[in-house]
2 protein chains.
Amino acid sequence: MEVSFKAISPSEFFYKNRDIAGFSSPARSLYMAIRELVENALDAAEAGRILPDVFVELVEEDGEKNVYRLRVVDNGVGVPGDKIPSAFATVLYGSKYGFKQSRGTFGLGGTMAILYGQITTNKPARVMSSTDGKTMYVYDLMIDVVENKPRIISSEKKPSPNGWRGTSVEFSLEADYPGSRAKILDYFKHTAVVNPHATLTFIDSRGRLYHYPRTVEKPPEPPVETLPHPVGVDVEMMTRMLNETKARNLASFLTTSFQQIGDKTAKEVLELAGLRPDQSPKKLDHDQVTALVNAFKRYGKFRAPDPKPLSPVGREFLEAGIRSIFNPDFVFVVERKASSYSGHPFIVEAAIAYGGLIPATETFQLYRFANKIPLLYDERADVAWKVVEEKIDWSNYKVPKPAPLAVFTSICSTKIPYKTVGKEAISDRPELERELTMALRECGRNLKLYLSRIEKREAAAKRLSLYTKYLPMIAEFAAKAADMRKPDIRPLLKKMGIQEIEQKASASEEQDREAG
Amino acid sequence: MEVSFKAISPSEFFYKNRDIAGFSSPARSLYMAIRELVENALDAAEAGRILPDVFVELVEEDGEKNVYRLRVVDNGVGVPGDKIPSAFATVLYGSKYGFKQSRGTFGLGGTMAILYGQITTNKPARVMSSTDGKTMYVYDLMIDVVENKPRIISSEKKPSPNGWRGTSVEFSLEADYPGSRAKILDYFKHTAVVNPHATLTFIDSRGRLYHYPRTVEKPPEPPVETLPHPVGVDVEMMTRMLNETKARNLASFLTTSFQQIGDKTAKEVLELAGLRPDQSPKKLDHDQVTALVNAFKRYGKFRAPDPKPLSPVGREFLEAGIRSIFNPDFVFVVERKASSYSGHPFIVEAAIAYGGLIPATETFQLYRFANKIPLLYDERADVAWKVVEEKIDWSNYKVPKPAPLAVFTSICSTKIPYKTVGKEAISDRPELERELTMALRECGRNLKLYLSRIEKREAAAKRLSLYTKYLPMIAEFAAKAADMRKPDIRPLLKKMGIQEIEQKASASEEQDREAG
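Model, not experiment: these values are computed from the prediction.

(A) Inspection of the overall build of chain A at higher detail. Counting its secondary structure elements, chain A contains 14 helices and 16 strands. Principal axes of the C-alpha set define a box for chain A whose edges measure 105 × 70 × 60 Å. Put simply, of all contacts in chain A between residues at least 6 apart along the chain, 73% involve residues at least 24 apart.

Printed below as a string of structure tokens:
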């Protein structure tokens, strides 16, 4: 009957429950380790407006079964020497906790990968980084799981070779490369599609090289950190912001701490909360803080969150990427305007491709992206699957069964509402669901136009083939019956507009390609 | 280009990412809060071999929109007074970190529910508990999110009313009851099915009473804490166990610290690791620890983990539960023998029900349970969905489309490999997949027998109806033609065995019902 209680550290928690961070089987764990490090690498380059160069190498460890050494090198902004141990060997320590768009969101992935390597191989990780291209720091690190602290095995400071700036992470892990190879290669291919400004290089354990050079020479705008939007602010956050503000009165606290609040809005909100604009932010009591938060909820007239910090893939890039992989007969891309959920701005992009290399199936192929990373697992738990499967009736858009149909969805946000720490499935927030539905319906309507044209063209072609088959016979028969010479039927066919129909059909297909 | 780093506490992490613990929308958050507290309540009763009595009450808060007060009271072992603040207001502090079967697994749910209530309403939670039926402690608590520490608003010690022992948790939260009512009622209904020894009472915000009295008066065996199984032990765990052991030499360390290791096995494993049985466990170096863990992995002859700590639902209970809800025409339940993954024992139970109140659909209804709790969200991300959808070809078992088919799966384990902190989807470990597949195939074969009998019976009935329709006419016609009296055809029908076939068909259906 005795129950014992104890506290555990965050690294102990994730050590005991690595399934929830996606580190389940040796196959999936390798995939996770690669993607977490590649995403950190891309973020690190973009933080400095650098065109990313990411190099990934996987080597089998000598004489050990199912043990590999993984190395990921980037040319990003680097991690300062004194921050390296904590950044890579402390769970819940990182640079990803601000209000900006980034691939990493939990500040957990890189350390989780290293932790997984440590508990499966008992070897330290080697982290090298330079922030200035002159000095490089080299650490051998392990994680003290109970204390959630780095254990520094060795450290060294030396000149950076060839002026290299960036970060290199290298460690051993139990893995199943044959079992995860397909997913890993898909991951690189699809990451290249939505990051045309990045060069990705992967050398696998058999020495095969997969190289995706950049096709665009301009780095995207670096992600901007923004002020929080008033919708979605809860009491906890409000209390902290009130404690930290330098504003002397509530009116200036509101206008300087939140986006989309000007003087007029501040005045109205404070009135709604029963507070005076000249009150000190530091002196609100518990009930007044609650009143202010409730006023934010009830106000209802805030402008939507500023979408400036968002960096969507872009219609041209998405379409070019889809064409390069599937060479489809038809593509249509939609980029929705910025929207928001709980104060976080987001933009939905969606595309439909049809034909080409897309295999015909009873259902559809779904390709999902979030903040420019492909999501390859757990698709059936994702909001996009729900929309494509349940909200869209594809038969309305004349999609036959089976059909060579591929659906693409991309969401970018300062906060992607992932369902899992493994960042594979996005939660079905109603706002996201609505935007995805609208985008895909628009794609669907355009697909329907295309399919209708195809249908018309096929009908015309069928009619033409009927006429061209029987008209000469009728002509011949009639000529014989009347004992006349067989007439030239080409003017007749022309008169019936058959050629015209045929030409129209091809022309409209051309238009389609342009519109797509 | 400047990147700022910081550490965050576990409560801050879950505060920022409550979607990953299932607290996303106000509807789902209410469902999560209820289930987390009910599961803690059931665990608390079973820890003391007490027949659980769980009382849940939901009340709308006066004058506040979408704010409810939730109260969950149990008759379990209670939480000692000095542990209450940490147990309910510290993230990653709890009693659920041992090797035993329990509904809670992350030590997170109760505190997450209270944290969600706090950030949406800014009100403290009230926790009352008595471990002895004499003294009761009453606390009003809030959570210091930044520090991950309890803030005690008030505390009191007083006599327990009417000798009550147990725990009561009460707090306010933003919620959408109309939006979650169906799931919440399903949750109570299905929890009652697999916990026939528990009495569950729910009074909702409109004063409606849902009462599920226990139907079994015997509490299940309390969950037993076991030693870890050698398979699945990693370096981290081995290092800790070596540090904590009181054994003087490695041989006795192995036999006293792990299950399924006797003297002979210990000797063989140590030989494989290149270690001597008389070496001190405290003096192994890094490479020797690694060698020992690798020897565990390579040994390959350990007996399977002890299934004694497991407490499956049981065939009779599962069948009785299914009959009470669906009143089906056919049920078949399979309980597999204990199996294991990564050193954790588990038992799979599965059932198929057909007809009755089950609605006929193109696909199937799936009901999932894990450690005697129903899983109601994210079914498509679950291993059971994968098996039912992809691994089983239902047409092999003569299942028509549409069909009134319901599939039930129940997994119990000392560690359920959930994919999410919200405990909704179970990861597709190959061992689980295999056991589920075997169990469902056995169910499928029995369903096929049943459906074949139905088919035969229908064919017989059809033949009978043909004969009974035409034989009298033939008899009459023949009699008229021969100018004779119309004969009695009943002996003829009897001779043709038509009644016999009819009887046989009903008899085999009876047998089925007994077998099911």
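So that's the structure; there's more coming.
(B) Spotlight on the interface of chain B and chain A. Opposite the 47 residues of chain B that make contact, chain A presents 47 residues. Going through the elements one at a time, strand E1 (6-7), helix H1 (10-16), helix H3 (84-89), strand E4 (93-94), helix H4 (109-121), helix H6 (235-244) and helix H9 (286-299) of chain B are the ones with two or more residues in the side of chain B that touches chain A. Among the residues making up the side of chain B that touches chain A, the classes are represented as 25 nonpolar, 14 polar and eight charged. Where strand E1 (residues 6-7) of chain A lies against E4(B), two bridges are found, and the strand directions are antiparallel. Of the residues in E4(B), the one forming a bridge with Lys6(A) is Gly94(B).

(C) Here's a closer look at helix H4 (residues 109-121) of chain A. All names here are of chain A. Compared with an ideal rise of 1.5 Å per residue, which puts 13 residues at 18 Å, H4 spans 18 Å between its outermost C-alpha atoms and is within 8% of the ideal. Most of H4 is tucked away, with 13 of its 13 residues classed as buried. Positioned one or two residues after H4, Asn-122 has a phi angle of 60 degrees, which is positive.

(D) Representation of the nonpolar core within the structure. In this structure, Ala351(A), Ala353(A), Ile34(B), Ala351(B) and Ala353(B) are the most contacted members of the largest nonpolar core, which totals 231 residues. Beyond its immediate chain neighbours, meaning those up to four positions away, Ala351(A) contacts Leu318(A), Glu319(A), Ile322(A), Val331(A), Phe332(A), Val333(A), Phe408(A) and Cys443(A). Among the nonpolar cores identified, the runner-up in size contains 16 residues, and Met238(A), Ala251(A), Phe258(A) and Ala266(A) belong to it.

(E) Fine view of the environment of Ala21(A). All names here are of chain A. Along the chain, Ala-21 turns up in the loop between helix H1 (10-16) and helix H2 (26-46). Between the alpha carbons of Ala-21 and Ala-113 there is a distance of 9.6 Å; along the sequence they are 92 residues apart. In contact with Ala-21, other than residues within four places in its own chain, are Phe-14, Leu-108, Met-112, Val-421 and Gly-422.

(F) The arrangement of the pairing of strand E10 (residues 209-212) of chain B in detail. Residues and elements named next belong to chain B. Both strand E9 (residues 199-203) and E10 contribute to a ladder of four bridges, which runs antiparallel. Within E10, the residue paired with Thr-201 across the bridge is His-211. Here E9 folds back onto E10 in antiparallel fashion, the turn holding five residues, of which Gly-207 has a positive phi close to 80 degrees.

(G) A look at the relation of the copies chain B and chain A. Rotating chain B by 180 degrees and moving it 0.0 Å along the rotation axis overlays it on chain A with an RMSD of 0.4 Å. The relationship between the two copies is best expressed as a two-fold rotation axis. Looking at the interface residues of chain B, 100% of them are also at the interface in chain A, so both copies use one shared face.

(H) Molecular detail of unusual backbone geometry. Omega for the bond connecting Lys401(A) with Pro402(A) falls within 30 degrees of zero, at -10 degrees, which places this linkage in the cis form. In this fold, Pro402(A) is placed in the loop between helix H11 (383-391) and strand E16 (405-413). We note that Arg49(A) has phi near 50 degrees; this positive angle belongs to a residue other than glycine. With respect to the element layout, Arg49(A) can be found in the loop between H2 and strand E2 (53-60). For Asn371(B), which is not a glycine, the phi torsion comes out positive at approximately 45 degrees. Within the secondary structure, Asn371(B) sits in the loop between strand E14 (365-370) and strand E15 (373-375).

(I) A look at the packing of helix H7 (residues 250-257) of chain A against helix H8 (residues 263-273) of chain A. Residue and element names in this part refer to chain A. Direction vectors running N to C along H7 and H8 enclose 125 degrees, while the axes themselves pass 9 Å from each other. When the axes of H7 and H8 are compared, the pair comes out oblique. For H7 against H8, the interelement crossing comes out right-handed. Between H7, through Leu-250, Ala-251, Leu-254 and Thr-255, and H8, the contact on the second element is made entirely by Asp-263, Ala-266, Lys-267, Val-269 and Leu-270.

(J) Up close: the packing of helix H8 (residues 263-273) of chain B against H9(B). Residue and element names in this part refer to chain B. Running from N to C, H8 and H9 cross one another at 120 degrees; their axes reach a closest spacing of 8 Å. The angle between H8 and H9 falls in the class oblique. Here H8 runs over H9; the crossing is right-handed. Only Ala-291, Leu-292, Ala-295, Phe-296, Arg-298 and Tyr-299 of H9 make contact with H8, whose side of the interface consists of Val-269, Leu-272 and Ala-273.

(K) Inspection of the sheet that holds strand E9 (residues 199-203) of chain A at higher detail. Residues and elements named next belong to chain A. Taken in spatial order, the eight strands of this open sheet run E7-E6-E5-E8-E3-E2-E9-E10, and their pairing is mixed. Two strands lie at the open edges of the sheet, namely strand E7 (149-159) and strand E10 (209-212), each paired on one side alone. Across the sheet, the mean angle separating the axes of adjacent strands is 10 degrees when strand polarity is ignored. Here H2 sits on the sheet in contact with E2, strand E3 (67-73) and strand E8 (166-174), set at roughly 175 degrees to E8.

(L) Quick look at the sheet that holds strand E7 (residues 149-159) of chain B. All names here are of chain B. Taken in spatial order, the eight strands make up an open sheet running E7-E6-E5-E8-E3-E2-E9-E10, and their pairing is mixed. The open sheet has two edge strands with one neighbour each: E7 and E10. Averaged over all pairs of adjacent strands, the angle between strand axes in this sheet comes to 10 degrees, irrespective of strand direction. As defined by bridge partners, strand E3 (residues 67-73) adjoins strand E8 (residues 166-174) across seven bridges and the pair is classed as antiparallel. Across the sheet, the residue bridging to Val-72 is Val-169, located in E8. This element, H4, spans E3, strand E5 (125-130), strand E6 (135-144) and E8 of the sheet and lies at about 35 degrees to E8.

(M) Here's a closer look at the environment of Glu319(A). Residue and element names in this part refer to chain A. Within the secondary structure layout, Glu-319 lies in helix H10 (residues 315-326). Residue Glu-319 is classed as partly exposed on the basis of its C-beta count, with 19 C-beta atoms lying within 10 Å. A sequence separation of 134 residues divides Glu-319 from Leu-185, and the C-alpha atoms of the two residues are 20 Å apart. In this view, Glu-319 contacts Val-331, Val-333 and Ala-351; residues no more than four positions away in its chain are not counted.

Rules used in this analysis
- Residues numbered from 1 in each chain as written.
- Chains lettered and ligands numbered in written order.
- Predicted model: local features only at pLDDT ≥ 70, side-chain atom pairs only at ≥ 80, totals over all residues.
- Helix = DSSP H or I, 4+ residues; strand = E, 2+ residues; numbered from the N terminus.
- Contact = placed C-beta atoms within 7 Å.
- Nonpolar A, V, L, I, M, F, W, Y, C, P; charged D, E, K, R; others polar.
- Pairing = 2+ DSSP bridges.
- Expected span 1.5 Å × (residues − 1).
- Buried ≥ 20, exposed ≤ 12 C-beta atoms within 10 Å, placed from the backbone.
- Core = buried A, V, L, I, M, F, W, Y, C linked by C-beta atoms within 7 Å.
- Least-squares fit on C-alpha atoms with pLDDT ≥ 70 in both.
- Axes fitted to C-alpha atoms, helices over the stretch in contact; angles between N-to-C directions.
- Parallel < 35°, antiparallel > 145°, perpendicular 65-115°, else oblique.
- Left-handed = near helix turned anticlockwise from the far one by under 90°.

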